[in-house]
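Notes for the structure review
What follows is the residue order along each chain.
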Amino acid sequence: MICDVLVELAHVFIDKTFTYHIPQELVNSCVVGKRVEVPFGSKNYEGFVLSVRCGEKEDLKDIIRVVDDYVILNKELLEIGKYLQKTTLSSLMSCYQAMLPLALKAKSKVKKTVVYEKFLSLNNDVDLSTFKFNDSQKKIVDILLKEKVVKKQDLEFISKSSLATLIKKKIILVDAKELRSSNDLVLEKKDFVLNSEQLKVYDEVLASLGVSKTFLLYGVTGSGKTNVYMKIIQEVIRRGKQAIVLVPEISLTPQIIMRFRSMFDRIAVLHSNLSYREKYDEWRRINEGDVDIVIGARSAIFAPLSNIGLIVVDEEHSNTYKQENTPRYNAIDVAKYRSNYHNCPLILGSATPLIDDYARALKNVYQLLTLDKRYNNKPPVISIVDMNKEFKKANGYLSNVLLEKIKDRLAKDEQVILFLNRRGYSNFLSCSECGKVIKCPNCDISLTYHKSSNMLRCHYCGYAMKRPLLCSCKGELKEFGIGTEKVKEELEEKIAGVKIVRMDVDTTTRKNSHEKILEAFQRKEYQILLGTQMIAKGLDFENVTLVGVISADISLNFPDFRASETTFQLINQVAGRSGRGKVLGEVLIQTFNPSHYAIVYSKNNDYLSFYNDEMKIRKKLGYPPYYFLCSLKIVSTDYEEVKLHSKKIGDYLNKNINDAIMLGPSVANPFKVNNKYRFQIILKYKKIDSIYEAVKNIQELYFSNKKVMLEIDFNPMKL
Ligand code: ADP
Ligand code: ZN
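Throughout, residues of each chain are indexed from 1 in the direction in which the sequence is written. By the order in which they are written, chains take letters starting at A while ligands take numbers starting at 1. pLDDT decides what is reported in this predicted model: residues at 70 or higher carry local features, side-chain atom pairs at 80 or more are listed and counted, and totals for whole chains, interfaces and linings draw on all residues regardless. Where side-chain values are given, they derive from all heavy atoms of the structure, hydrogens and water being excluded.

The cutoff for a nearby residue is simple: one of its non-hydrogen atoms must lie within 4 Å of the molecule or strand. Val193, Gln198, Gly222, Lys225 and Arg259 are the nearest of the 17 residues found near ligand 1. Contact between ligand 1 and Arg259: an oxygen atom at 2.8 Å from a side-chain N or O atom of the residue. Think of a polar contact as two N or O atoms within 3.5 Å of one another; within protein, one of them needs to be a possible hydrogen donor and the other a possible acceptor, and neighboring residues in sequence only count if both atoms come from side chains. Between ligand 1 and the protein, one listed contact pairs an oxygen atom with a side-chain N or O atom of Arg580 at 3.4 Å. Comment: elements are numbered from the N terminus, with helices defined as DSSP H or I runs of at least four residues and strands as E runs of at least two. Per-element tally for the shell around ligand 1: the top contributor is helix H7 (residues 225-238), with three residues. Each residue receives one of three labels: charged for Asp, Glu, Lys and Arg, nonpolar for Ala, Val, Leu, Ile, Met, Phe, Trp, Tyr, Cys and Pro, and polar for the others, Gly being one of them. Tallied by class, residues from the shell around ligand 1 come to five nonpolar, eight polar and four charged.

Looking at the protein, the domain boundaries give domain 1 (2-104), domain 2 (115-179), domain 3 (196-371), domain 4 (381-423 + 483-614) and domain 5 (628-714). What counts as a domain boundary in this text is fixed by an automatic or database domain assignment. Relative to domain 4, the C-alpha centre of domain 1 lies at a distance of 50 Å.

With that out of the way, let us pick up the coordination of the zinc ion (ligand 2). Water is absent from the atoms considered, so a metal site may look incomplete; donors are defined as N, O and S atoms within 2.8 Å of the metal, or 3.2 Å for Na, K and Ca. Taken together, the protein donors to the zinc ion (ligand 2) comprise Cys440 (SG), Cys443 (SG), Cys458 (SG) and Cys461 (SG), at separations of 2.3 to 2.4 Å. Angle rules define the geometry names used: all angles between 85 and 135 degrees makes four donors tetrahedral, while opposite donors over 155 degrees apart and all other angles between 65 and 115 make four donors square planar and six octahedral, leaving every other case irregular. Around the zinc ion (ligand 2) sit four donor atoms, and with donor-metal-donor angles ranging over 106 to 113 degrees the site reads as tetrahedral. Each donor residue of the zinc ion (ligand 2) lies on the same chain, and together they follow the pattern C-x2-C-x14-C-x2-C. Linking Cys440 in the loop between strand S18 (428-431) and strand S19 (448-450) with Cys458 in the loop between strand S20 (455-457) and strand S21 (464-466), this pair joins segments that are 18 residues apart in sequence. Burial classification: accessible surface area is computed with a 1.4 Å probe over protein chains only, and a residue below 20% of its type maximum counts as buried, one above 50% as exposed, and the rest as partly exposed. You can call Cys440 buried: its relative accessible area is 4%. Owing to a relative accessible area of 3%, Cys458 belongs among the buried residues under this scheme.

Quick look at the sheet that holds strand S13 (residues 308-314) now. Think of it this way: DSSP has to see at least two bridges between two strands before they count as a pair. Taken in spatial order, the seven strands line up as S11-S12-S10-S13-S14-S9-S15 in an open sheet, and their pairing is parallel. On the outer flanks of this sheet lie strand S11 (267-270) and strand S15 (367-371), each paired with one strand and no other. Averaged over neighbouring strand pairs, the angle between their axes works out to 15 degrees when direction is ignored. Both S13 and strand S14 (residues 345-350) contribute to a ladder of four bridges, which runs parallel. Interaxial angle, 0 to 180 degrees, is taken between N-to-C directions of lines fitted to C-alpha atoms, where a helix line uses only the stretch in contact.

So, on to the nonpolar core. Within the largest apolar cluster, 89 residues are counted, with the highest numbers of intra-cluster contacts made by Tyr96, Val294, Ile301 and Leu529. When checking whether two residues touch, look at their non-hydrogen atoms; a contact exists if any pair is within 4.5 Å. Discounting residues that sit within four places of it in the chain, Leu529 has contacts with Val416, Ile417, Leu418, Val501, Met503, Ile517, Leu518, Phe521, Ile535, Leu539 and Phe541. Counting 31 residues, the second largest nonpolar core, distinct from the first, contains Leu194, Ile233, Ile267 and Ile347. We call a set of buried Ala, Val, Leu, Ile, Met, Phe, Trp, Tyr and Cys residues a nonpolar core when their side-chain atoms join them within 4.5 Å.

Of all the eight residues making up helix H8 (residues 254-261), six are buried; the element is thus mostly covered by neighbouring parts of the structure. Taken residue by residue, H8 has Pro254, Gln255, Ile256, Ile257, Phe260 and Arg261 as its buried positions. Packed against the buried residues of H8 are H7, strand S10 (242-246), S11, strand S12 (293-296), S13 and helix H15 (513-522).

Let us now look at the sheet that holds strand S25 (residues 544-549). Spatially, the six strands line up as an open sheet ordered S16-S26-S25-S17-S24-S23, and their pairing is parallel. Taken across any chain shown, the strands that pair with only one partner, and hence form the sheet edges, are strand S16 (381-386) and strand S23 (500-503). With direction set aside, neighbouring strand axes in the sheet form an average angle of 20 degrees. The pairing of S25 with strand S26 (residues 586-591) spans four bridges and is classified as parallel. Along S26, the bridge assignment pairs Val549 with Ile589. Along the sheet, helix H12 (residues 387-394) contacts S16 and S26; its crossing angle with S16, the most-contacted strand, is approximately 70 degrees. Across the sheet, helix H13 (residues 400-411) is in contact with S16, strand S17 (415-419), strand S24 (528-531), S25 and S26; its angle to S26 comes to roughly 155 degrees.

Shown next as structure tokens:
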């Protein structure tokens, strides 16, 4: 027997399989969809078996071993990979790799001596207090106490000899293979009944179980979309099937998981905060059929469930469903593919559907379902604070109106959420003499000042430097613009003794830090939760009665055709955090653009009017949903090369596309990131056929070009 193997050649994009002979003793275990180790050149590599057929050894090399005891890429996943390859123009290997947890990816350049992955755990039968540990031993034990199971390699860097001693003394056990890192806390199960509006939605979907069909559930915040999902899933499970629920980023919405756990048992949760081992364990449980529901962020759409009865994409407008690097896929497209494969409905749910999707629903491409009432309370009262008038009076970034309301709520022992879409202290530093703005040496971006660490940081490449005392011209450096750090400082100056917790990328780098902050806020250890968009979604705190948007202008001024839409969504989402309990909620939006339609319709909670106005603008400017977009970025460390190749590509496209509009080539925004110069071409088209072949040809030309990189993005969420 022989087999075709797709080999992982460490990012050399040869999308070719190579044929190997299967030695007799491996014939039974070497099947399609498993990883095998094969010789290639002077080294060994891993790859996926894509086909097995009859054939003689002749001059073929033998596969060395079969890596897996079970199939990793089943028939459906193999097909999905090919679908991604075609629709995103990425290498097939990059698609399969994106679909699997790290532990199951094909590794390149396997060392000749095979190292099996070893997992370590503490021996529960040993009383740790009877040992005297040295420093590094203590470190190792502490990590294991916290993480339960850790890969041996991950602990060896602390001290190989200490680790060896602990293993020798049987304090640590090697290869705790079957010890599952269980984060399953079992909650007491609760059930509930749907109200009549929810029941209508439920009935519509139920009538379509067993049919591949996409629903758009437009349900205002607090209307009980999650409850409806749960009830439908209950029925799906009763019929012996499984469900996938996608959420924007799970570490941000621990509450939704709790709600599912209070109704179901066999749940797997997949998110980016899981350790290597945890991800692997959850994947295995799903693959073995031990799970009815998979909840997770984008890549959970690839969960190896074999009998899917429903797929839900919550907050479907979220741009986190689009992967920003290769393969640039959208999980919603994969969801449609799987809905088709399994003949099951797909529900896209949102309080502010993506304009494109609402348009599809109005054209009956999707079936529109609506929930237009909050379940148990009234929507919050939203008002606009015109900063053109208030800013001078304010002596800071917090208007007097907002400040008074905050004080009022704190006096009543209620809590406040404040939202600002920018972290750090001040947006940039500029010299008061020569006007120079301090920029990142690697990027065409100003550095953000972080006061607590007295550092300037690049939010694109991570570059950091100590804040200089003066400009190079000896002029004084002034701070411009706001970030969460500065707002916190201003609050602490203006409200004596106020207890504020900040939640942004800078305060949530550690594992579980999101949960810890939110739990502390829940326990009322803090009066104000201040954060970036990571606080906008899914939070449900009954005691929060006031939400303040510190500046609606940051997202509004973003140079992107979705800027108004994003602003509308953000305001709606943060507003939804207010008044979830008995007391009527209130929302204040600070802005210098009080009459902008995105702001006015946000205030009136009027999605439909926003949709209509936005559609007119999209039509006039030729943006989605009137046109599809394809973005090509030409990237290189060599400026002349980028310019040259951008022109070449532009010329080629001009000649070879028909029925499509080309913008550019022009400099991308930002022009330089991580020392790489970037140009961009945007194609607007109505039918993919009019551009696909031309774009594919270009992509093939640049596949193995080491100097110039081409990033192709169909249907980008942002330009
Ligand atoms: P959405 O996801 O649409 O914003 P949620 O699902 O979070 O809304 O519902 C808002 C609140 O109303 C939640 O606290 C939820 O538990 C409650 N709720 C909604 N529907 C029901 C129901 N049928 N029975 C009991 N509680 C419900
Ligand atoms: Zn940078």
